[in-house]
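One letter stands for each residue in the lines below.
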Amino acid sequence: MNTQLLPASPAASSSGRPELSPPKIPARGWFARQYRRRMLRTDFLTVISWASVAAAISLWLADGGATNITSPASLFTAAGIVAGLAGMDLVLLMLLLAARIPFIDRTIGHDRALEFHGKLGKPSLYLLLAHGLLLAVGYGMAEGLDPVSESINLWVQVPDMWLAFVSMALFIAVVVTSLVAVRRRFPYEFWYVVHLLTYAAVATSIPHQFSVSGLFAAGTWQRWYWLAICIYTGSALVYFRILEPVLATARHQLTVTRVEAVAPGVVNIVMRGQKLDQLAGTGGRFFIWRFLAPGMWWHPHPFSLSAEPVVNGRDGQGTLRVTVRNLGDGSAQLLRLRKGTKVALEGPYGLLSTAARTKNKVVMIGAGIGITPLRALLDTPFAPGEATVLLRGHTDKELYLGNEILDLCQARGARLFHLTGPRGPGRSTWLPEDSVRNGYSLTSYVPDIRDADVYVCGPAAWAANVIADAGKAGVPEEQIHHERFDW
């Protein structure tokens with residue numbers, strides 16, 4: 001079924017939630033300027049990243065390292081030192097990308113940061129392996145030993161070197177468990193715990209850098225530089241991964257007030273808290289929730305808000321809401337949450353929000369539980385006639401929060417299409433069978449889509465098909481916004 005629900009006069013909300021005042025609409029060109037500023041920040045991060053690798057190698061050059069290359073043995077040794085410096089620098093970059101630093105998150109988004117984090121894993125491991133192998137060959141050639149004998153000699157006789165071997169083993173374990181084929185064989189919690197070994201790998205790699213390497217000898221500026229970037233990385237991780245979530249939990253004091261059935265296997269979890277005005281304007285972004293009940297407190301849940309927080313008291317007191325579908329053991333437990341359960345949160349994270357906008361016009365396309373972040377995006381700025389919403393489901397019952405979305409579209413002058421029914425033929429099809437049979441495409445519903453920002457939220461394979469169709473319709477890549485926050 002393909003239903004277009006045209007804008008109408010404002011209607012009373014059927015959700016029972018207080019009506020929110022429409023957000024202020026920025027002037028023409030504001031979103032374009034916002035995008036240019038974000039691209040400048042992206043360029044800045046790119047330059048800083050490459051410059052850090054160059055700086056690591058420059059440490060060795062400034063110390064006269066190249067002048068010491070006088071034999072094959074010294075050539076292998078020099079190559080090993082450079083590989084180690086570059087590899088360790090990439091590891092520190094990986095940690096910063098995973099530290100959830102707000103500047104990085106607001107610039108490239110959480111999922112892109114983790115994507116780059118993952119891409120650096122293999123290069124950094126290869127460089128560190130080359131570091132160990134080349135040094136064993138270089139030192140061995142100088143002492144007349146084979147690489148294996150030299151490695152044993154280093155382990156036994158050189159202070160802190162055994163820690164470097166432990167570090168290498170831990171790095172290998174982390175990279176191997178991060179491979180997609182391996183990760184699918186284990187539950188997420190197992191992989192997550194193993195992945196935390198990255199911190200142990202870095203910690204055990206540091207001592208030999210300062211006790212063995214003459215490059216970082218006491219009193220050298222190279223030592224202070226390397227100490228500074230290590231301390232900064234560690235501090236960022238401790239603050240943004242540990243301290244800030246604790247502070248946010250204490251600041252907002254969230255408590256579950258009720259769990260409402262939305263559809264079979266789908267519920268709204270409504271929470272009351274303080275200073276919720278500080279979370280306003282986050283529509284579409286996600287938080288990591290921990291519901292502090294027996295058997296649940298250790299399990300993190302990445303959910304976006306399904307509506308803007310409702311603030312109706314002093315000190316920002318009010319309510320906020322997430323909408324959860326039973327997709328496994330972890331989410332199934334949440335359907336039975338009790339009133340009064342305390343809630344810890346981290347975030348918000350991601351760029352599925354107004355911060356990613358480049359145009360005044362906006363198109364929102366969602367399927368299944370991915371519809372719920374779009375409900376929150378409908379609280380963001382757009383003028384009447386400048387927003388189009390496409391909701392996809394096998395049946396009307398899968399158009400979650402459909403009544404709320406209808407009310408908002410009517411009140412704010414947005415076009416709304418319900419696209420229900422079985423999927424059309426072909427693996428690349430995301431539209432229902434009726435639409436495909438009638439020759440409809442994405443531009444049939446949104447003819448001017450190339451002049452709009454397109455937000456896509458739904459199952460990964462389905463979303464990939466929507467994104468591909470948007471590209472074929474002429475939508476530039478920077479105007480397509482899709483962010484995975486299911487880890």
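Residues numbered from 1 in each chain as written. Predicted model: local features only at pLDDT ≥ 70, side-chain atom pairs only at ≥ 80, totals over all residues. Heavy atoms only, no water.

1. Quick word on the packing of helix H1 (residues 30-62) against helix H11 (residues 221-252)
Helices that pack against each other are described as a pair by the angle of their axes relative to one another and the distance between those axes.
Item 1. Across the interface, H1 lies against H11 with an axial gap of 10 Å and an inter-helix angle of 155°. Judged by the inter-axis angle, H1 sits roughly antiparallel to H11. Crossing geometry of H1 relative to H11 is assigned as left-handed. For the pair H1 and H11, contact is made by Ser-52, Ala-55, Ala-56, Leu-59 and Ala-62 and by Trp-221, Gln-222, Tyr-225 and Trp-226, respectively.
Item 2. Its residues assigned to classes, the contact of H1 with H11 comprises 7 nonpolar, 2 polar and no charged. (Axes fitted to C-alpha atoms, helices over the stretch in contact; angles between N-to-C directions. Helix = DSSP H or I, 4+ residues; strand = E, 2+ residues; numbered from the N terminus. Parallel < 35°, antiparallel > 145°, perpendicular 65-115°, else oblique. Left-handed = near helix turned anticlockwise from the far one by under 90°. Contact = heavy atoms within 4.5 Å. Nonpolar A, V, L, I, M, F, W, Y, C, P; charged D, E, K, R; others polar.)

2. Observations regarding the side chain of Thr-77
Item 1. Looking at where Thr-77 falls in the secondary structure, it is placed in helix H2 (residues 72-97).
Item 2. When residues no more than four places from it in sequence are discounted, the contact partners of Thr-77 are Leu-134, Leu-135, Gly-138 and Tyr-139.

3. Looking at H11
Item 1. For H11, built from 32 residues, the straight-helix expectation of 46 Å at 1.5 Å per residue is met to within 8% by its first-to-last C-alpha distance of 44 Å.
Item 2. In H11, a bend of some 35° at Leu-243 exceeds every other bend along the element, and Pro-245, a proline, comes one to four places later.
Item 3. Regarding H11, the residues found buried are Gln-222, Trp-226, Ile-229, Cys-230, Thr-233, Ala-236, Leu-237, Arg-241, Pro-245, Ala-248, Thr-249 and His-252.
Item 4. Residue Gln-253 follows H11 closely and has a positive phi angle near 45°. (Expected span 1.5 Å × (residues − 1). Bend = angle between axes of the 7 residues up to and from the residue. Buried < 20%, exposed > 50% of the residue type's maximum accessible area, 1.4 Å probe, protein only.)

4. Thoughts on the UniProt feature "transmembrane region" (unreviewed entry) in the protein
Item 1. In the numbering used here, UniProt assigns the "transmembrane region" (unreviewed entry) feature to residues 44-62, 74-103, 124-142, 162-182, 194-218 and 224-243.
Item 2. From the first C-alpha to the last, residues 124-142 spans 27 Å; its make-up is 100% helix and 0% strand. (UniProt positions renumbered as here; feature names shortened; annotations may be inferred.)

5. Focus: the side chain of Gln-479
Item 1. Take Gln-479: it is sitting in the loop between helix H17 (460-472) and strand E13 (480-481).
Item 2. Exposure remark for Gln-479: the relative accessible area of 5% places this residue in the buried category.
Item 3. The residues contacting Gln-479, other than those within four sequence positions of it, are Thr-358, Lys-359, Arg-450, Asp-451, Ala-452, Asp-453 and Val-454.

6. Some words on the packing of aromatic side chains
To describe a pair of aromatic rings, one takes the distance between the centres and the angle between the planes.
Item 1. Tallying each qualifying case throughout the model produces 11 aromatic pairs.
Item 2. Ring geometry for Tyr-239 against Phe-240: centres 4.9 Å apart, planes inclined by 90°, an arrangement best described as edge-to-face.
Item 3. Between the aromatic rings of Tyr-440 and Tyr-445, the centroid separation amounts to 5.8 Å while the plane-to-plane angle is 80°, which identifies the pairing as edge-to-face.
Item 4. Assessed through its relative accessible area of 37%, Tyr-440 is described here as partly exposed.
Item 5. Linked through ring pairs, Phe-210, Phe-216 and Trp-226 together constitute an aromatic cluster.
Item 6. Positioned over the ring face of Trp-30 is Arg-37, at 5.7 Å from the centre of the ring.
Item 7. In this arrangement the basic side chain of Arg-412 is found over the ring face of Phe-382, its NZ or CZ atom lying 3.9 Å from the centre. (Phe/Tyr/Trp six-rings, centres within 6.5 Å; stacked < 30°, edge-to-face > 60°. Lys NZ or Arg CZ within 6 Å of the ring centre and 35° of its normal.)

7. Let's talk about a nonpolar patch on the surface
Item 1. Together, Val-148, Ile-152, Trp-155, Val-156, Trp-162 and Phe-165 give the surface a local cluster of nonpolar side chains, amounting to about 620 Å² of exposed area.
Item 2. In terms of residues, the nonpolar patch owes the most to one element, helix H6 (residues 147-157), which gives 4 residues.
Item 3. Take Trp-155: its relative accessible area is 43%, and that puts it in the partly exposed class. (Patch = residues over 30% accessible without salt bridge, like charges linked within 9 Å, V, L, I, M, F, W, Y side chains within 5 Å. Areas by Shrake-Rupley, 256 points an atom, 1.4 Å probe, with all protein chains shown as cover. Salt bridge = Lys/Arg side-chain N within 4 Å of Asp/Glu carboxyl O.)

8. Brief notes about the pattern of salt bridges
Item 1. If you walk through the whole model with that rule in mind, you get 13 salt bridges.
Item 2. We note a salt bridge from Asp-105 to Arg-285, for which the minimum N-O separation is 2.7 Å. Of this pair, Asp-105 sits in helix H3 (residues 102-108) while Arg-285 is found in the loop between strand E3 (266-273) and strand E4 (286-291), placing the two residues 180 residues apart along the sequence. Just as Asp-105 is buried, Arg-285 falls in that class too.
Item 3. Linking Glu-260 and Arg-258 is a salt bridge whose minimum nitrogen-to-oxygen distance equals 2.5 Å.
Item 4. The partly exposed category is assigned to Glu-260, whose relative accessible area is 26%.
Item 5. One network of salt bridges, in which partners are shared, links Arg-321, Arg-375, Asp-379 and Glu-404.

9. Looking at the state of the cysteines
Item 1. Applying the stated criterion across every chain, the model contains 0 disulfides.
Item 2. For Cys-457, which is in no disulfide, the shortest distance to another cysteine sulfur is to Cys-409 and amounts to 16 Å.
Item 3. Residue classification places Cys-457 among the buried positions, given a relative accessible area of 7%. (Disulfide = S-S within 2.5 Å.)

10. Brief notes about the environment of Leu-352
Item 1. Structurally, the position occupied by Leu-352 is in the loop between strand E8 (342-349) and strand E9 (361-367).
Item 2. C-alpha of Leu-352 to C-alpha of Glu-483: the two residues are 131 residues apart in sequence and 6.4 Å apart in space.
Item 3. Setting aside its immediate chain neighbours within four residues, Leu-352 contacts Gly-283, Gly-284, Arg-285, Pro-373, Leu-377, Tyr-455, Cys-457, His-481, His-482 and Glu-483.

11. So, the sheet that holds strand E5 (residues 301-304)
Item 1. Ordered by their spatial adjacency, 7 strands build an open sheet running E5-E4-E8-E2-E3-E7-E6, and the pairing between neighbours is antiparallel. Unpaired on one side and paired on the other, E5 and strand E6 (310-311) mark the two borders of the sheet.
Item 2. Alignment of E4 against E5, held across 4 bridges, turns out to be antiparallel. Along E5, the bridge assignment pairs Phe-287 with Phe-303.
Item 3. The strands that H11 touches are strand E2 (254-263), E3 and E8; relative to E8, the one it contacts most, it runs at about 125°. (Pairing = 2+ DSSP bridges.)

12. Examining the packing of helix H10 (residues 197-211) against H11
Item 1. It is at 12 Å that the axes of H10 and H11 come closest, and there the two elements cross at 160°. In terms of orientation, H10 lies roughly antiparallel with respect to H11. Seen from above, H10 lies across H11 with left-handed handedness. Residues Tyr-199, Ile-206, Gln-209 and Phe-210 of H10 form the contact with H11, whose participating residues are Arg-223, Trp-226, Leu-227, Cys-230, Leu-237 and Arg-241.

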